[in-house]
Protein chains: 2
Amino acid sequence: MEIAPPGLKGLAVADTTIGAVRGSEGFYHYRQYNAADLARERSVDDVLTLLIDGALPPEMPAIDLGALRELPREVEDLVDSLSPYMADALAVIRSAMLAVAELEEHQPVLDIGHVERRGNVLRLMAIVPTIVARHYRRRNGLEPIAPDPSLTHAADYLRMATGEVPAELNSRAVEKYLVATIDHGFNASTFTTRVVTSTGASAASALVAGFGALSGPLHGGAPGRALAMIEEIGGAENARAWVQAKLDAKEKIMGFGHAVYRAEDPRGIVLREAAEAIGGDLADRAIGIEAEILAMLAEWKPDQTIVTNVEYWAAVALGIAGFPPELFTPTFAVSRVIGWSAHVLEQAEDGKIIRPSARYVGPEPLS
Amino acid sequence: MEIAPPGLKGLAVADTTIGAVRGSEGFYHYRQYNAADLARERSVDDVLTLLIDGALPPEMPAIDLGALRELPREVEDLVDSLSPYMADALAVIRSAMLAVAELEEHQPVLDIGHVERRGNVLRLMAIVPTIVARHYRRRNGLEPIAPDPSLTHAADYLRMATGEVPAELNSRAVEKYLVATIDHGFNASTFTTRVVTSTGASAASALVAGFGALSGPLHGGAPGRALAMIEEIGGAENARAWVQAKLDAKEKIMGFGHAVYRAEDPRGIVLREAAEAIGGDLADRAIGIEAEILAMLAEWKPDQTIVTNVEYWAAVALGIAGFPPELFTPTFAVSRVIGWSAHVLEQAEDGKIIRPSARYVGPEPLS
């Protein structure tokens, strides 16, 4: 029996044309495009067109999710009934997504063709901002806001969540975040959606499983923590003492270090640019604190390259754009579901079940 | 970059002491015990004690799920509100399970210790029969029946679903089915629950993902189809003509052939025994039809061993025991969630994220 490396690390379990990460170069791409540049220059709508249909507008007609964001009445009621006791937006998304798929009779991916599968994933990705915003507003005693099909996906999400059309720079910061986090190699949630897709299950079943993996502390992280850390430190002048205390206590420093990147995380660069463009006290402090922490970490481990990861600048950018921390993880869900959807479509074309083995290492059975 | 075999077939991705399948011997085991013998001799309660706590009663105190089967009021309401439009029991289970985990504040598996994780999975496996039975009865205009903590897990499931305490042989047939299908190697749903667990997510997130994989046609199958086939054929005297027509049309014959077993599926043997013990017209016809189909298939492919798989006899045994086909797949869920739970506990001990890679095969990116 062939034995896989622990955690399947470094093992290529699929071929993909969706994108990849080159950690040593600090580079990642969607299809053949630099993903950080796409985040700087393109809308969510353009980039999802690239991921789902294979080319950017205007080469490919832009996908318009506008008409797909509205929830069926039953699902609005479901979100409303769950919201009082269900703080976890990822759990609400999962239940609401299964309900939409059932009401609209989504079929197992292997029982339908590409056109129908594509329709299913577009519908399912489109409802995520609507669910997140509705849940957020219900939790906070605010009236839900219906989707506006005339807006872009990012703008409508912002409006449904915050109740207002935000300033251009704030809106661009959120859109950069959304584009930058759509896909990122073969992480555990992407792999999960592909394993479930490989059984032939519906796209909703695959995406729901992905949200489960995303909820894991080793995966989705907790972007709110980086913001809490900045508030705890206060300003750059306190950073060295704070980091030293953490290193002495052998505690982890949130937002620094990455499993894959050995050069600066390109997502962090884009999001720092977005935060700097808006500017203000938090942006200034975040920049100063980052510089001090990186200097300290370089002194502490001179032979290693410890970089700022996406969590730090995601928290700052979303925070400066006016998002409350409770919306950080759900906003990640709004973007990542687009990447998973591309993987559902690619895996469904493969059509083969992913069914590994295990090595039995217990007492010899008495047959 | 190392490339995995397609579908990860034959690749050992984990070490396990939970059990294994020896396809060429027609043998599978839970821990060190012949699983088919456990199905003949033991209750669900005994066998889940073996899988969760590592030894059989009386060596290990038997786990009693009785007090854990009751649903919180909010979750009863949730099941009731979903049932009118949600025919799919696996979707209802997923939503209800997330709600219980949220109401009872289940934490990510890597943030808690074994005792708390064990408590979480016992609670989550215990509610599945209650959810399934409530959903089934609501769908059929019947009043739900509350769990009775004094009954065994299998007997209470039967009572909650059918509304009566069934005859001993029928009850034993269902219990044999439940024990025989708790675990079966590293199938796609088991692997899915382990991948999600490896992110540190809650047990509920892992199990919910497992139900998604189970819902796939390549995984859970559709045990109802085998019963429909028997009804379509009628009796053994019509089997040859029916099979010949299928072979001529190059259509699949439900319930025959297995990816792993080259000898008779040991689960099929146990369930045939259970069906024979109850007896009656359906059992007689199923036995006669099976013999004819196997003879035909042996003539058709003399160099291959095509065996009856569990789907055929599962359908017959559950059907003879008085279960409607719409409860076949949910009943599989009642048992398989126990096996997944053992895998959640084992994977959580490992503590390492499962994060494979993919090989990018698209156009070279313009970096």
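Just so it is clear, the model here is predicted, and its values are computed rather than measured.

Draft legend 1. Structural view of the interface of chain B and chain A. Counting from both sides, the interface comprises 83 residues of chain B and, opposite them, 82 residues of chain A. Overall, the association of chain B and chain A removes approximately 7100 Å² of surface from exposure, summing both partners, and the carbon and sulfur fraction of that is 65%. The tally of links between chain B and chain A comes to four salt bridges. In this assembly, chain B and chain A are joined by 35 residue pairs in polar contact (both at pLDDT 80 or more). Counting residues per element, the side of chain B that touches chain A draws most heavily on helix 4 (residues 89-103) of chain B, which supplies seven residues. Bridge count between strand 6 (residues 357-360) of chain A and strand 2 (residues 11-16) of chain B: three bridges; the pairing is parallel. Each bridged residue has a counterpart across the sheet, and for Ser 357 of chain A the counterpart in strand 2 of chain B is Ala 12 of chain B.

Draft legend 2. View of the packing of helix 8 (residues 188-198) of chain B against helix 15 (residues 328-350) of chain B. Residues and elements named next belong to chain B. Running from N to C, helix 8 and helix 15 point in directions that differ by 35°, and their axes come no closer than 9 Å. Here helix 8 and helix 15 pass one another in a crossing that is right-handed. Of the residues in helix 15, those in contact with Ser 189, Thr 190, Thr 193, Arg 194, Thr 197 and Ser 198 of helix 8 are Arg 336, Trp 340, His 343, Val 344, Glu 346, Gln 347 and Ala 348. For the contact of helix 8 with helix 15, a count of residues per class yields three nonpolar, seven polar and three charged.

Draft legend 3. Inspection of helix 2 (residues 44-53) of chain B at higher detail. Residue and element names in this part refer to chain B. For helix 2, the tally of buried residues reaches nine of ten residues, placing the bulk of the element in the interior. Within helix 2, burial applies to Val 44, Asp 45, Asp 46, Val 47, Leu 48, Thr 49, Leu 50, Leu 51 and Ile 52. Downstream of helix 2 by one or two residues, Gly 54 has phi in the positive range, about 95°.

Draft legend 4. The arrangement of the domain arrangement of chain A in detail. Residues and elements named next belong to chain A. By the assigned domains, chain A splits into domain 1 (25-219 + 324-350) and domain 2 (223-321). The distance between the C-alpha centroids of domain 1 and domain 2 comes to 27 Å. Facing 20 residues of domain 1, the contacting portion of domain 2 comprises 23 residues. Approximately 1800 Å² of surface area, both sides summed, lies buried where domain 1 meets domain 2, with 75% of it carried by carbon and sulfur atoms. Between the two partners, domain 1 and domain 2, sit one salt bridge. Ionic pairing is found between Glu 273 and Arg 40, a salt bridge with its closest N-O pair at 2.8 Å. Taken together, the connections running from domain 1 to domain 2 amount to two residue pairs in polar contact (both at pLDDT 80 or more). Looking at the side of domain 1 that touches domain 2, the element that brings in the most residues is helix 7 (residues 168-180), giving seven residues. Its residues assigned to classes, the side of domain 1 that touches domain 2 shows eleven nonpolar, five polar and four charged.

Draft legend 5. Inspection of the relation of the copies chain B and chain A at higher detail. By a simple turn and slide, chain B fits onto chain A: the slide is 0.0 Å along the axis, the RMSD is 0.0 Å, and the turn is 180°. Seen this way, the second copy is the image of the first under a two-fold rotation axis. Relative to the rotation axis, the closest C-alpha in chain B is found at Ala 209 of chain B, a distance of 2.1 Å. Counting the interface residues of chain B, we find that 99% of their copies in chain A are interface residues as well, pointing to one common contact surface.

Draft legend 6. How the structure looks around the sheet that holds strand 6 of chain A. Taking strand neighbours across the sheet as the criterion, the three strands line up as 1(A)-2(B)-6(A) in an open arrangement whose pairing is parallel. If you trace the sheet from one side to the other, it starts and ends with strand 1 (2-3) and strand 6 of chain A, each paired once.

Draft legend 7. Expanded view of the sheet that holds strand 6 (residues 357-360) of chain B. If you walk across this open sheet you meet the three strands as 1(B)-2(A)-6(B), and the pairing is parallel. Sheet topology places strand 1 (2-3) and strand 6 of chain B at the edges, where each strand pairs with a single neighbour.

Draft legend 8. Spatial organisation of the nonpolar core. Core analysis: the largest hydrophobic core is formed by 232 residues, its most contacted members being Tyr 30, Met 97 and Phe 211 of chain A together with Tyr 30, Met 97 and Phe 211 of chain B. In contact with Tyr 30 of chain A, other than residues within four places in its own chain, are Ile 18, Gly 19, Ala 35, Leu 38, Val 47, Leu 50, Leu 51, Val 179, Ala 180, Thr 181, Ile 182 and Asp 183 of chain A. One finds Leu 11 of chain A together with Leu 11, Val 13 and Phe 186 of chain B within the second-largest nonpolar core, a separate group that totals 20 residues.

Draft legend 9. Main features of the environment of Arg 137 of chain B. All names here are of chain B. Summarising the element assignment, Arg 137 is placed in helix 5 (residues 114-139). On the basis of relative accessible area, Arg 137 is assigned to the buried category, the value being 10%. Through-space distance from the C-alpha of Arg 137 to that of Asp 80 is 9.9 Å; in sequence the pair is 57 residues apart. Leave out the neighbours within four places in its chain, and Arg 137 touches Leu 142, Glu 143, Pro 144, Ile 145, Met 160, Ala 161, Thr 162 and Gly 163.

Draft legend 10. A look at the environment of Glu 232 of chain A. Residue and element names in this part refer to chain A. By the element assignment, Glu 232 lies in helix 10 (residues 223-233). On the basis of relative accessibility, which here comes to 55%, the residue Glu 232 falls in the exposed class. Residues Glu 232 and Trp 242, ten residues apart in the sequence, show an inter-C-alpha distance of 8.9 Å. Of note is the side chain of Glu 232, whose polar atom sits 3.0 Å from the side chain of Trp 242.

Quick notes on the rules
- Residues numbered from 1 in each chain as written.
- Chains lettered and ligands numbered in written order.
- Predicted model: local features only at pLDDT ≥ 70, side-chain atom pairs only at ≥ 80, totals over all residues.
- Heavy atoms only, no water.
- Contact = heavy atoms within 4.5 Å.
- Buried area = accessible area lost by both parts, 1.4 Å probe.
- Salt bridge = Lys/Arg side-chain N within 4 Å of Asp/Glu carboxyl O.
- Polar contact = N/O pair within 3.5 Å; in protein donor to acceptor, adjacent residues only side chain to side chain.
- Helix = DSSP H or I, 4+ residues; strand = E, 2+ residues; numbered from the N terminus.
- Pairing = 2+ DSSP bridges.
- Axes fitted to C-alpha atoms, helices over the stretch in contact; angles between N-to-C directions.
- Left-handed = near helix turned anticlockwise from the far one by under 90°.
- Nonpolar A, V, L, I, M, F, W, Y, C, P; charged D, E, K, R; others polar.
- Buried < 20%, exposed > 50% of the residue type's maximum accessible area, 1.4 Å probe, protein only.
- Domains from an automatic or database assignment.
- Least-squares fit on C-alpha atoms with pLDDT ≥ 70 in both.
- Core = buried A, V, L, I, M, F, W, Y, C linked by side-chain atoms within 4.5 Å.

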